[in-house]
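# Structural description and commentary
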Amino acid sequence: MTDIKDFEKQTINNMTQEYRKTTSYPECEKLLLYLHSLFIITGQVNEMFCNSFVEEAIKLLKNAIFLYKDGLFDCAFYSVREASEVINSMLYLTKDSYMKKEWESKNYFPVDKKLREKLEKMSADYKEIKNAIPEYFKKHEDLIKKANKIIHKQGFDTFYRARQPYANTYGFNKEKEFELFIELEKYTIGLLLIIFIIIDPLSLVLTDPNVTYKINFNPMTEPINICYFEDYLNLDNIIPKIKGTSFYKNIVSAFDNYEEMSPAVFNIVRTEYFDINALDEISKQLHLISPLERLMFFILKNGIKVSNFYSCGGLLWYITSIECNRRTLSFNNHEFNIYSQSQNKFNQKRDNIYISVLKLYDDFLYLEHNEILTKEEIDILKNLEQKFLTLYYNFIQC
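Let me begin by describing the structure that accompanies this report.

Cut-offs and rules
- Residues numbered from 1 in each chain as written.
- Predicted model: local features only at pLDDT ≥ 70, side-chain atom pairs only at ≥ 80, totals over all residues.
- Heavy atoms only, no water.
- Helix = DSSP H or I, 4+ residues; strand = E, 2+ residues; numbered from the N terminus.
- Rg over C-alpha atoms; globule rule 2.2 N^0.38 Å.
- Buried < 20%, exposed > 50% of the residue type's maximum accessible area, 1.4 Å probe, protein only.
- Areas by Shrake-Rupley, 256 points an atom, 1.4 Å probe, with all protein chains shown as cover.
- Pairing = 2+ DSSP bridges.
- Contact = heavy atoms within 4.5 Å.
- Disulfide = S-S within 2.5 Å.
- Polar contact = N/O pair within 3.5 Å; in protein donor to acceptor, adjacent residues only side chain to side chain.
- Salt bridge = Lys/Arg side-chain N within 4 Å of Asp/Glu carboxyl O.
- Core = buried A, V, L, I, M, F, W, Y, C linked by side-chain atoms within 4.5 Å.

### Quick notes on the overall build of the protein
Helix and strand content of the protein: 19 helices and six strands. For a compact globule of 398 residues, the expected C-alpha radius of gyration is about 21 Å, and the protein comes in at 28 Å, more than 25% above that figure. For the protein, the C-alpha atoms occupy an extent of roughly 90 × 65 × 40 Å along the three principal directions. Looking at the protein as a whole, 46% of its 398 residues qualify as buried. Accessible surface, the protein as shown: approximately 21,700 Å² in total, 53% of it carbon and sulfur.

Take a look at the structure:
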């Protein structure tokens, strides 16, 4: 009985490896690492569903590489094509809310070719971007057409049996196919970046040094990787051409009259970092930071040496240039609840540092400091706390 089971197991193992050859490709490793680090997210409320599409497209592109390395070449090409279709569908659904319901309920939905035709008619932004870089879209379309020959098994060289024992007979060229796969993978990653820019142009605006310092809020949208096209495709004209469209110029013009933040204020707003040595510089643009950030500023301006500020139960976190002596690297929500519910809100011991708490109307501000606060410092904090509550109350009454 054991021999039979071993034979069956060996048979299945042989079937698994039949006509397949696992191969390692340095270029694949490089792309996998890039995809692993690729973080694309929109903060636009109406388009939040796009984040799931982006995640799916990236997963399909990763899977394609794994499949190709494992010898499942046709599945690999299909996975890249799937990613391309997911990307186009994502844009289409941002333009047609009715079709979003149809898509979710698995009713009629146009195939990719018809979908792209519809996009040119219903999205002026898509059409303008496509007209600005027609060679890119044409190249990607040509690569998809070549991949379809493999996916749909046209030619004996697309048959598994013909690829190893009879490769020379059918003219199969592994190197040429790999070049096609890598090029298709790279162009599809680029398509994802381009389509995402159309959906959320702020992702490109945030990379513009002439504009980003005028955006005095911290958007959920992440800046796009504008170096990708040059680094991976040797195309240095894609981003400049997109920036030359009226689509982009109209977005940027909305910030023309905005005041430019100083580097120190930019750090507060966009990276949640206070430079203690730049407080005088920050004081000139207090109107550009939030009420909560102003409270933090006045705490520091009064000489109170806070290394970290926390609010929203620790979800919102600002650091300062004062190095923290804390041994452990993280807090949990339960700890913050203990600090806020304590009778004594100041100088609460935590390992080798201290936590003090201020009331923020319906929230708390947690101050992390290395040394015990003096009575004078606590009085200053109580005064600032009261001023903040008064200002907040007057604000919500307006």
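### Points about the pairing of strand 6 (residues 363-369)
Taken across its seven residues, strand 6 has six buried, putting it largely inside the fold. The sheet contact formed by strand 5 (residues 353-360) and strand 6 spans seven bridges and is antiparallel. Within the sheet, the bridge partner assigned to Val 357 lies in strand 6 and is Tyr 366.

### Thoughts on the environment of Glu 29
Among the structural elements, Glu 29 can be located in helix 2 (residues 26-37). Along the chain, Glu 29 and Leu 279 lie 250 residues apart, while their C-alpha atoms are 45 Å from each other. Here Glu 29 is in contact with Ser 24 and Lys 69, once residues within four sequence places are set aside.

### Some words on the sheet that holds strand 6
Each strand in a sheet pairs with another by means of backbone hydrogen bonds, the pair being arranged parallel or else antiparallel. Spatially, 1-3-2-6-5-4 is the arrangement adopted by the six strands of the open sheet, whose pairing is mixed. Strands with a single pairing partner mark the edges of an open sheet, and in this sheet they are strand 1 (273-274) and strand 4 (348-350).

### Remarks on the state of the cysteines
For the coordinates displayed, the defined rule picks out zero disulfides. For Cys 312, which is in no disulfide, the shortest distance to another cysteine sulfur is to Cys 324 and amounts to 20 Å.

### Observations regarding the environment of Arg 163
Considering the arrangement of structural elements, one finds Arg 163 in helix 9 (residues 160-163). Filtering out sequence-adjacent residues up to four positions away, Arg 163 remains in contact with Phe 73, Asp 157, Thr 158, Phe 172, Lys 174 and Glu 177.

### Topic: the side chain of Thr 188
Considering the arrangement of structural elements, one finds Thr 188 in helix 10 (residues 174-199). Taking the relative accessible area as the measure of exposure, Thr 188 reaches 0% and is therefore buried. Within polar-contact distance, the side chain of Thr 188 engages the side chain of His 140 at 3.0 Å. Excluding anything up to four places from it in sequence, Thr 188 contacts Leu 61, Val 80, Ala 83, Ser 84, Ile 87 and His 140.

### Some words on the pattern of salt bridges
All told, the structure shown has 18 salt bridges when counted by the stated rule. Residues Arg 116 and Asp 112 are paired through a salt bridge, measuring 3.1 Å at the closest nitrogen-oxygen approach. Taken as a pair, Arg 116 and Asp 112 lie in helix 6 (residues 112-122) at a separation of four residues, close to a single helical turn. Taken together, the shared-partner salt bridges in this structure form one network comprising Asp 112, Arg 116, Glu 141 and Lys 145.

### Brief notes about the nonpolar core
In this structure, Phe 77, Phe 181, Ile 194, Ile 195 and Phe 229 are the most contacted members of the largest nonpolar core, which totals 78 residues. Examining the composition of this core, we find that 16 residues originate from one element, helix 10, more than from any other. The contacts of Phe 77, once residues within four sequence positions are left out, are Tyr 68, Ala 147, Ile 150, Ile 151, Glu 177, Leu 180, Phe 181 and Leu 184. Counting 33 residues, the second largest nonpolar core, distinct from the first, contains Leu 286, Ile 304, Tyr 318 and Leu 373.

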